[in-house]
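The primary structure of each chain is shown beneath.
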Amino acid sequence: MTQKACIVGAYEHPTRDARDIPLARLHAEVAAGALADAGLTIADVDGYFCAGDVAGWDALGVGPFSIVEYMGLNLRHLDTTESWGSAYINHVAHAAQAIAEGKCRVALITQAGRPRAERSSPAQMHRNQGQSAHEAPFELPYGPVVTNMYGMVAQRHMYEHGTTPEQLAWIKVAASHHAQHNPNAMLPKVVTVEDVVTSPVVASPLHRLDCCVISDGGGALVVVHPDIARELGKPAITPRGAGFTVKHMNGGHFDILASGGVKSGAEAFAEAGVTPADIRYASIYDSFTITVLVQLENLGFCAPGEGGRFVADGGLISGVGRLPVNTDGGGLCSNHPGNRGGMTKLVEAVRQLRGEAHPAVQVPDCSLALVHGTGGQLGARHGSATLILERA
C-alpha cells in the first residue's frame, strides 16, 4: 500500500455530550475540521466513506445519501462499508485502494454518534438491534449483552493463563495516565490498580473501571492522492499495510481468546513488511480492558497468555512501558463516540506520527504506528481491522 495514498487531515470533535448538536451537524463539523486541517475544502472532496452511524435508513432518509446532500458533496465515489467499530480503519484501506484505482482523489471519512444525548447504552443498543438478527431466536433467551460477553472472555483468559484482575487494571491505569493530559477526556483523573479492582463488579470479573465510557462526538480523516499531499506540504501519513476479517462462532467450534485480530494483524504486517517489534506506537480498541489484552496477544506483541505480564507495571504508559498504547486516554478514559471507537484510534495515531500528541505522551521519533479496531463483540461475531501507518 505504500505511497498509494496519504492521510493529510484529521480531526476529533471536542464534545462529549451533544444534546444540542444533531447527528448530521456532527458529521458536517468533523468533516469541516479535517478538511481545514488538510488545507482543503468540501468542494475538493470527490470520495466519501461512511458507515451505519450516518443513520437515516428509514422512510424520511436514505442513509449516506442524506448526509452527502447535507454536506453538499459532489462525488465520484461512495463507500458505505459497515463493520461497526472497525469500519473506519477499514475505510482508510478502501480509500487508498479507490485512490490508487483512480476512483477518487480526495476521500473524506466521517464518524459521529450521540448515545449520551439519546441516553442509550451499548447493552440497550444491542438488545434493540438484536431482535431482528438472524441468530436472535437461538441466543436472546440466554441474555447476551456486551458486558457479559466480554466478561466471559476475561474469565476464560484468567482460567487458562492465570491472568489477574490487577493485571487487567493496569490497562485502565495506563489510559488514565495519558488522559490526564487530554483537556477533553471524560475521565482525566489518574487511577490506581486498587481503584479499579475495588470499583463495583459489572460482569464478573470485569469491574466498572474496566469498562469504557459512553460519549457523543466523532471524528474525520482526509485521505488524498500522493500528488495532492505533496502540493499541500502537510505531514503525509501513508498506509503501509492493512488487514480485515470477520470472526464468528463457527457453530460453537471456536477459540474465544483468538479474535479476528490474529488474521487481520498477520495480513497487515505481511503487507507492510514489518513486525510487531518495529511498531513505535499502537492505537488499540479498548471497549474493555480485556479487549486490549487479547488484541496485544493476537497481534503478536506478546505470546498467548503473556498479556497480563506485558501490560503490568506500566507496560503501556508512554515514556515508561515497552509499547505506548492509546495516548489520548482511549475509550477507557477519553471518549467512545457512538459506541464506535475506531475513528478516534486513527486520529491519535496520526497525531503521534506527526509529532502533534501532547508533549507528555508524545513518542520520540514515532515513524511507524499500528491501529486496530474491533466491530461487534469479542466472544461472539465481530469484524477486525488492522492498519499500519508510516510517516512519509
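Trainee: I tried to follow helix α2 (residues 64–71) on my own but got confused; where do I start?
Mentor: Since the α-helix turns once every 3.6 residues, residues separated by three or four places project in the same direction. Considered for burial, the residues of α2 that qualify are P64, I67, V68 and M71. Looking straight down α2, one finds that the buried residues subtend no more than 105° of arc, so they occupy a single side. Exposed positions of α2 whose direction lies more than 90 degrees from the buried face are F65 and E69.

Trainee: Would you explain unusual backbone geometry in this entry?
Mentor: Leaving glycine out, the prevailing phi sign among residues is negative, and the prevailing peptide bond configuration is trans. Going from S204 to P205, the amide bond is cis rather than trans, its omega being 10°. Note that P205 resides in the loop between β7 (201–203) and β8 (206–207). With a phi angle near 55°, N339 is a residue other than glycine that sits in the positive phi range. With respect to the helices and strands, the residue N339 is situated in the loop between α13 (330–333) and α14 (342–354). Residue classification places N339 among the buried residues on the basis of a relative accessible area of 14%. The phi angle at D365 is positive, at roughly 50°, despite the residue not being glycine.

Trainee: What am I meant to see in a nonpolar patch on the surface here?
Mentor: On the surface, V62, F65 and L78 cluster together into a nonpolar patch covering about 270 Å² of accessible area. Residue placement: L78 occurs in strand β5 (residues 77–79).

Trainee: Explain the nonpolar core to me, please; I cannot follow it from the model alone.
Mentor: Within soluble globular proteins, side chains that are nonpolar generally end up buried alongside one another. In this structure, I290, L296, F301, L316 and I388 are the most contacted members of the largest nonpolar core, which totals 43 residues. Counting residues per element, the ones that place at least two in this core are α6 (146–161), α7 (165–179), α10 (261–272), β11 (281–284), α11 (289–298), α12 (307–311), α13 and β12 (368–376). Sequence-distant contacts of F301, that is, excluding residues within four places in its chain, are made with F269, P276, I279, L296, F310, L323 and L370.

Trainee: Just to check I follow, could you spell out the pattern of salt bridges for this structure?
Mentor: Side-chain pairs of opposite charge can arise whenever the charged atoms involved come near each other. Tallied over the entire structure, the rule returns 19 salt bridges. A salt bridge links R340 to D53; its shortest N-O distance comes to 4.0 Å. Of the two residues, R340 is situated in the loop between α13 and α14 and D53 in the loop between β2 (47–49) and β3 (57–58); the sequence distance between them amounts to 287 residues. Taking the relative accessible area as the measure of exposure, D53 reaches 8% and is therefore buried. Linking E118 and R114 is a salt bridge whose minimum nitrogen-to-oxygen distance equals 3.4 Å.

Trainee: I tried to follow the packing of aromatic side chains on my own but got confused; where do I start?
Mentor: For any two aromatic rings, the description comes down to two numbers: the centre-to-centre distance and the angle of the planes. Tallying each qualifying case throughout the model produces 2 aromatic pairs. Aromatic side chains F269 and F301 sit 6.5 Å apart centroid to centroid with 75° between the ring planes, which places their arrangement in the edge-to-face category. With a gap of 32 residues between them, F269 in helix α10 and F301 in the loop between α11 and α12 connect regions that are remote in the sequence. Given a relative accessible area of 13%, F301 falls into the buried group. The ring of F310 carries R322 above its face, with NZ or CZ at 4.7 Å from the centroid. The aromatic ring of Y285 is capped on one face by K345, whose charged end is 5.9 Å from the ring centroid.

Cut-off values and rules
Residues numbered from 1 in each chain as written. Predicted model: local features only at pLDDT ≥ 70, side-chain atom pairs only at ≥ 80, totals over all residues. Heavy atoms only, no water. Buried < 20%, exposed > 50% of the residue type's maximum accessible area, 1.4 Å probe, protein only. Helix = DSSP H or I, 4+ residues; strand = E, 2+ residues; numbered from the N terminus. Arc of directions from axis to C-beta. Patch = residues over 30% accessible without salt bridge, like charges linked within 9 Å, V, L, I, M, F, W, Y side chains within 5 Å. Areas by Shrake-Rupley, 256 points an atom, 1.4 Å probe, with all protein chains shown as cover. Salt bridge = Lys/Arg side-chain N within 4 Å of Asp/Glu carboxyl O. Core = buried A, V, L, I, M, F, W, Y, C linked by side-chain atoms within 4.5 Å. Contact = heavy atoms within 4.5 Å. Phe/Tyr/Trp six-rings, centres within 6.5 Å; stacked < 30°, edge-to-face > 60°. Lys NZ or Arg CZ within 6 Å of the ring centre and 35° of its normal.

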